[in-house]
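# Chains, contacts and geometry: an overview
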Amino acid sequence: MLIEIKDAPFEPYQRLLEYQAAADFSGKYGATAVFVGSMREFNQGDDVTVMTLEHYPGMTEKYLQKISQEAADKWDILDSLIVHRVGEMLPNDPIVLVAVWSAHRAEAFDASRYLMEELKSRAPFWKKESLKEDTRWVEKNT
Amino acid sequence: MSNAVITIKFFASLREHVGQGDAETSESDTKTVIEAWNKATNNMAMPENTLMAVNMDYVEATHPIKAGDEVAFFPPVTGG
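Below you will find a few notes about this structure. Just so it is clear, the structure is predicted and the values come from calculations on it, not from any experiment. (Residues numbered from 1 in each chain as written. Chains lettered and ligands numbered in written order. Predicted model: local features only at pLDDT ≥ 70, side-chain atom pairs only at ≥ 80, totals over all residues. Heavy atoms only, no water.)

## Describing the sheet that holds strand β2 (residues 31-38) of chain A
Note: strands within a sheet are paired through backbone hydrogen bonds, in either parallel or antiparallel orientation. Residue and element names in this part refer to chain A. Formally: Two strands make a pair as long as DSSP finds a minimum of two bridges between them. Working definition: helices are DSSP H or I runs of at least four residues, strands are E runs of at least two. Numbering for both runs from the N terminus. Fitting a line to C-alpha atoms yields each axis, with helices limited to the stretch in contact; the angle taken between N-to-C directions then spans 0 to 180 degrees. We call two residues contacting when some pair of their heavy atoms lies within 4.5 Å.
The strand order across the open sheet built from four strands is β1-β6-β8-β2, with neighbouring strands paired in mixed fashion. Every interior strand has two partners, whereas the edge strands, β1 (2-6) and β2, have only one. Recorded for the sheet is a direction-independent mean angle of 5 degrees between the axes of neighbouring strands. Here β2 runs beside strand β8 (residues 94-102); their pairing, made up of eight bridges, is antiparallel. Following the sheet pairing, Ser-38 is matched in β8 by Pro-94. Sheet strands in contact with helix α1 (residues 12-22) are β1, β2, β6 (79-85) and β8, and its direction is about 30 degrees off that of β8. Where helix α3 (residues 105-122) meets the sheet, it contacts β2, β6 and β8, and its direction lies at approximately 150 degrees from that of β8.

## A short note on unusual backbone geometry
All names here are of chain A. Under the convention used in this document: Throughout this description, buried means an accessible area under 20% of the type-specific maximum (1.4 Å probe, protein chains only), exposed means over 50%, and partly exposed covers the range between.
In this model, Gln-44 sits at a positive phi of 50 degrees, which is unusual for a non-glycine residue. Among the secondary structure elements, Gln-44 is positioned in the loop between β3 (42-43) and β4 (46-47). Although it is not a glycine, Asn-92 adopts a positive phi angle of roughly 80 degrees. Residue classification places Asn-92 among the exposed positions, given a relative accessible area of 68%.

## Some thoughts on the packing of aromatic side chains
We count it as follows: When the centres of two rings from Phe, Tyr and Trp lie within 6.5 Å, Trp using its six-membered ring, the rings pair. Their planes under 30 degrees apart give stacked, over 60 give edge-to-face, and anything left gives tilted. Only when the NZ atom of a Lys or the CZ atom of an Arg is both within 6 Å of the ring centre and within 35 degrees of the ring normal do we say a charge sits over the ring.
A full pass over the atoms with the stated rule returns 14 aromatic pairs over all chains. Taking the centre distance of 6.4 Å and the plane angle of 70 degrees together, the rings of B:Phe11 and B:Phe74 count as edge-to-face. With B:Phe11 in the loop between β1 (5-10) and α1 (12-18) and B:Phe74 in strand β5 (residues 70-74), the pair connects residues that are 63 residues apart, well separated along the chain. Cluster of aromatic residues (ring-pair linked, three or more members): A:Tyr56, A:Tyr63, A:Trp126, B:Phe11, B:Tyr58 and B:Phe74. Note that A:Arg40 overlies the ring of A:Phe42, its terminal NZ or CZ placed 5.5 Å from the centroid.

## Quick notes on the side chain of A:Glu4
Residue and element names in this part refer to chain A. The condition that has to hold: The definition of a polar contact used here is a pair of N or O atoms within 3.5 Å, where within protein one atom must be able to donate a hydrogen and the other to accept one, and adjacent residues in sequence count solely through side-chain atom pairs.
Looking at where Glu-4 falls in the secondary structure, it is placed in strand β1. Side chain to side chain, Glu-4 and Arg-15 meet in a polar contact 2.9 Å long. With residues up to four places along the chain from it excluded, the contact list for Glu-4 reads Arg-15, Ile-82, Val-83 and His-84.

Here is the structure:
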């Protein structure tokens with residue numbers, strides 16, 4: 001169970017392979033559910049050129065750990081990984097990686113969905129968008 | 001005594017709204033989260049959807065606070 005906050009671009013698929021290669025569940029997993037969220041170049045009908053993600057250092061990590069532990073308690077999973085960007089990013093940049101490993105697919109699907117939904121509603125991150133001539137805070141998660 | 005201090009933090013759009021990121025108050029005149037808000041913002045109206053945390057756990061506005069606590073105010077979260 002690992003959570004990481006990155007202040008520079010990361011490559012989610014490479015990070016996934018590295019983590020899996022070093023993990024202690026080798027030979028035990030039959031399912032890996034992976035979610036990658038990326039920055040769009042549009043939102044609410046406007047072009048978005050840059051997005052800045054702010055977080056609450058300490059509390060963000062605490063809540064990502066908390067929801068990871070909740071998923072491990074609720075489902076029979078082998079491991080989970082959450083990586084989340086902060087700072088300035090550009091369209092197509094990965095924002096978040098969530099991966100869950102389990103023996104069978106149902107637990108990996110359900111736990112990864114839970115991690116993403118709880119992250120979006122409880123982890124203290126905030127998005128600010130730069131439009132062509134303006135900036136605005138994203139007010140609610142879709 | 002530095003440990004008699006209560007630290008107050010504001011994040012994201014709320015930081016811009018109140019015009020400060022960090023503030024301090026003392027235990028003697030601040031007993032709850034809402035009192036910390038009133039003290040730090042000079043009684044600004046709190047936006048309806050404001051979230052609050054004490055020592056990095058979500059709480060309600062009436063939650064008690066004590067010396068050494070860190071109180072945070074922020075808008076709804078938009079990560080992921």
